[in-house]
Amino acid sequence: MNWSRIVRAELRKLTSTRMPLVFLVVLGVIGAATAIAVAVGTDMDGSKTFISTATDQQSLMAFAGNALVIAGLFGAIAVAREYAYGTVVLTFLTTPRRPQAVLAQYAAVFVAGSVLGLVGAGISAGSVAAGLTMTDFGFMVSAADLAQVLAASTLAGGAGAVLGAGIGAFVRNTGGAVTGTILLLVILPPLAVQMASETASWVPGTLTYAASGLENVVSVGAAIVAIALWAFVPAAIGLVSVTRRDVV
Amino acid sequence: MNQPSGPRTRPKSQSYPISVEHVTKSYGGATAVDDLSFVVTPGRVTGFLGPNGAGKSTTMKIMLGLAAPTSGRSTIGGLAYAELADPTGTVGTSVESDAFHPGRSGRNHLRILADATATPLERVDEVLEMVELSAAANRNAGTYSLGMKQRLGLAAALLCDPPVLVLDEPGNGLDPQGIRTLRNLLRSRAADGNTVLVSSHLLGEVEHLADDVVIVNEGRLVTQGSLADLRQSASLVRAASPHALQAALEAAGGVVESNQPDTLVVRGLSLDEIGENAFRAGIALYELSHHTDSLEDRFFAWTGDAADRTQSNTKEDQ
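Residues numbered from 1 in each chain as written. Chains lettered and ligands numbered in written order. Predicted model: local features only at pLDDT ≥ 70, side-chain atom pairs only at ≥ 80, totals over all residues. Heavy atoms only, no water.

A. Expanded view of the sheet that holds strand 12 (residues 263-267) of chain B. All names here are of chain B. Spatially, 11-12-10-13 is the arrangement adopted by the 4 strands of the open sheet, whose pairing is antiparallel. Pairing within the sheet leaves two strands with one partner each, and these edge strands are strand 11 (255-260) and strand 13 (285-291). Shown here is a sheet whose adjacent strand axes are inclined to one another by a mean of 25°, direction ignored. The pairing of strand 11 with strand 12 spans 4 bridges and is classified as antiparallel. Pairing of Val255 across the sheet is with Arg267, part of strand 12. Lying over the sheet, helix 9 (residues 242-251) contacts strand 10 (234-239), strand 11, strand 12 and strand 13, oriented at roughly 10° with respect to strand 12. (Pairing = 2+ DSSP bridges. Helix = DSSP H or I, 4+ residues; strand = E, 2+ residues; numbered from the N terminus. Axes fitted to C-alpha atoms, helices over the stretch in contact; angles between N-to-C directions. Contact = heavy atoms within 4.5 Å.)

B. A look at the pattern of salt bridges. Counted under the stated rule, the structure contains 15 salt bridges over all chains. A salt bridge links Glu257 of chain B to Arg267 of chain B; the shortest N-O distance between them is 3.5 Å. Taken together, the residues span a long stretch of sequence, with Glu257 of chain B in strand 11 and Arg267 of chain B in strand 12 at a distance of 10 residues. Of the residues examined, Glu257 of chain B reaches a relative accessible area of 28% and is grouped as partly exposed. The exposure class of Arg267 of chain B is buried, given its relative accessible area of 11%. Sharing partners across several salt bridges, the network here consists of Arg8 and Arg12 of chain A together with Asp115 of chain B. (Salt bridge = Lys/Arg side-chain N within 4 Å of Asp/Glu carboxyl O. Buried < 20%, exposed > 50% of the residue type's maximum accessible area, 1.4 Å probe, protein only.)

C. The arrangement of empty space enclosed by the protein in detail. One pass over the structure, following the stated rule, counts 6 cavities of 30 Å³ or more. In this model, the largest cavity occupies a volume close to 200 Å³. Lining the largest cavity we find 17 residues, and of these Lys13, Leu14, Ala78 and Glu82 of chain A together with Arg104 of chain B sit closest to its centre. Taken together, the elements giving at least two residues each to the lining of the largest cavity come down to helix 1 (3-15), helix 4 (64-85) and helix 6 (98-132) of chain A. With 6 residues, the single largest contributor to the lining of the largest cavity is helix 4 of chain A. Across the lining of the largest cavity, the residue classes tally to 8 nonpolar, 4 polar and 5 charged. (1 Å grid on protein atoms, 1.4 Å probe; cavity = no way out; pocket = protein on both sides within 12 Å on 5 of 7 lines; lining within 4 Å. Points joined across faces, edges and corners; volume = space filled by probe spheres on them. Nonpolar A, V, L, I, M, F, W, Y, C, P; charged D, E, K, R; others polar.)

D. Quick look at the interface of chain B and chain A. Counting from both sides, the interface comprises 33 residues of chain B and, opposite them, 23 residues of chain A. Summed over both sides, the interface of chain B with chain A buries roughly 2,400 Å², with 60% coming from carbon and sulfur. Considering only the surface of chain B that becomes buried against chain A, Leu66, Asp115 and Ala116 of chain B emerge as the three largest contributors, covering 26% of it. Our count for the contact surface shared by chain B and chain A stands at 3 salt bridges. Put simply, chain B and chain A have 11 residue pairs in polar contact (both at pLDDT 80 or more) between them. Going through the elements one at a time, strand 1 (18-27), helix 2 (87-90) and helix 3 (106-116) of chain B are the ones with two or more residues in the side of chain B that touches chain A. Within the side of chain B that touches chain A, the residues separate by chemical class into 17 nonpolar, 8 polar and 8 charged. (Buried area = accessible area lost by both parts, 1.4 Å probe. Polar contact = N/O pair within 3.5 Å; in protein donor to acceptor, adjacent residues only side chain to side chain.)

E. Spotlight on the packing of helix 3 of chain B against helix 4 (residues 122-130) of chain B. Residue and element names in this part refer to chain B. It is at 9 Å that the axes of helix 3 and helix 4 come closest, and there the two elements cross at 130°. Here helix 3 is positioned oblique relative to helix 4, judged by the angle of their axes. Considering how the two elements wind past one another, helix 3 and helix 4 form a crossing that is right-handed. When helix 3 is examined against helix 4, the residues Arg107, Leu110, Arg111 and Ala114 are found in contact with a partner set consisting of Val124, Asp125, Val127 and Leu128. Class assignment of the residues belonging to the contact of helix 3 with helix 4 gives a composition of 5 nonpolar, no polar and 3 charged. (Parallel < 35°, antiparallel > 145°, perpendicular 65-115°, else oblique. Left-handed = near helix turned anticlockwise from the far one by under 90°.)

This is how it looks when you write it as structure tokens:
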């Protein structure tokens, strides 16, 4: 089995429709909103304290949490649509050993999600920098911190896409996969924190902040491992379910 | 559609019969395929017939490893589909007529397949030309007519120039010229020693295309064999006392239908046996000859009410 060719086929699937363009437009809209907020937004007291320190600015450009959700939706839609349109039949005909086919799908959405995360963080950092030119504050984030923000968002994008792909493979329905991804990444974590406060350190929002260097409750290494685990569990469930089910 | 050229070289001596061995497939309490066995022979076009819900598509999915049988097995050249060294290079298939992303072009659809199978991208243009879809290759598949989708599916099946073709209703939506070209293409591939299995509910199409037929109904095998033999497996008898002759022939093991007052259609007995039984019963015969049914007549005789329902549904659809 030649992994490179089946991953290349999966990447061509992702890039041969308009879906990536739609997601890039979404990133652009978020970036524009960020730039406007930085340029004209104020705190409650009318000051611009929210951009007055390097940490404040880094927090504004930290995109990993958004990347996790946005790439999660990308992965969920990309894989669930394969089932909705029946194109997964060709996938399993060319790669009848389904674990390999599914892992190739995960690899491709990981790459695409990572790119979305990196581009999103890049747009976000650029938007903050552009917005700052309209204010009295300069760009204070160090190159190392900026690199950490970009790296965290890249990782979160890749992990989110794999998480969404796992849900898509399990649910096989686009609406269900989108709902499942939003439930898992947006709705359930705050509920879990309310029920058991000790989970607060391990929900996606905290972990992506920690990975971006903005939170100290868990180390960067632990945050990266935990984000990977958030992706691994749905991905494993998706893999097992695809292996066991008929393709209909 | 034009005749294919192939990008791969394969030993001419290697042939790939399709074998379905006691395959059963149950979904919950419902049995879609019930102890089905048949063989599809290389070098011949085999029509796979049955009413809607007879189990054709399920059987094809089991052949291709897309569905797991509850029991039994299906092999291609002695191996399960997933065990083939080069599955897509061995079996070309079109089992879902609209399995395309509507926002992806026909060309990109085939390029994805070419990537996955390590097929040179130039071959994509060759098969597009072959199925006469070059002009629409850059249009999104969502804008294609049913016939164009069928052509794209056929192009995908032919991309790796496989020695086995498994096609589900490939003639659906094709215009008469397209059907004729498809027929010539499939017959030409069979003539080259390839294995061709085509499911269809268009009996007239199969009658002109197939050498052999496999007929299923309610998941079970109804009959299998050479189309010519199956159509000529009856004898026509006109006799002075048809009722007495019918009783005599049935007693001898024949299956007798009486559609007209003095005419019997007899199966299961040779012309000689019919003549001898009539002689022994003292019944004068006015005519004794081979009877050739149309495939449609035989199909309805074999599948009964289920086929009637399919036919009426098809007419309503049209």
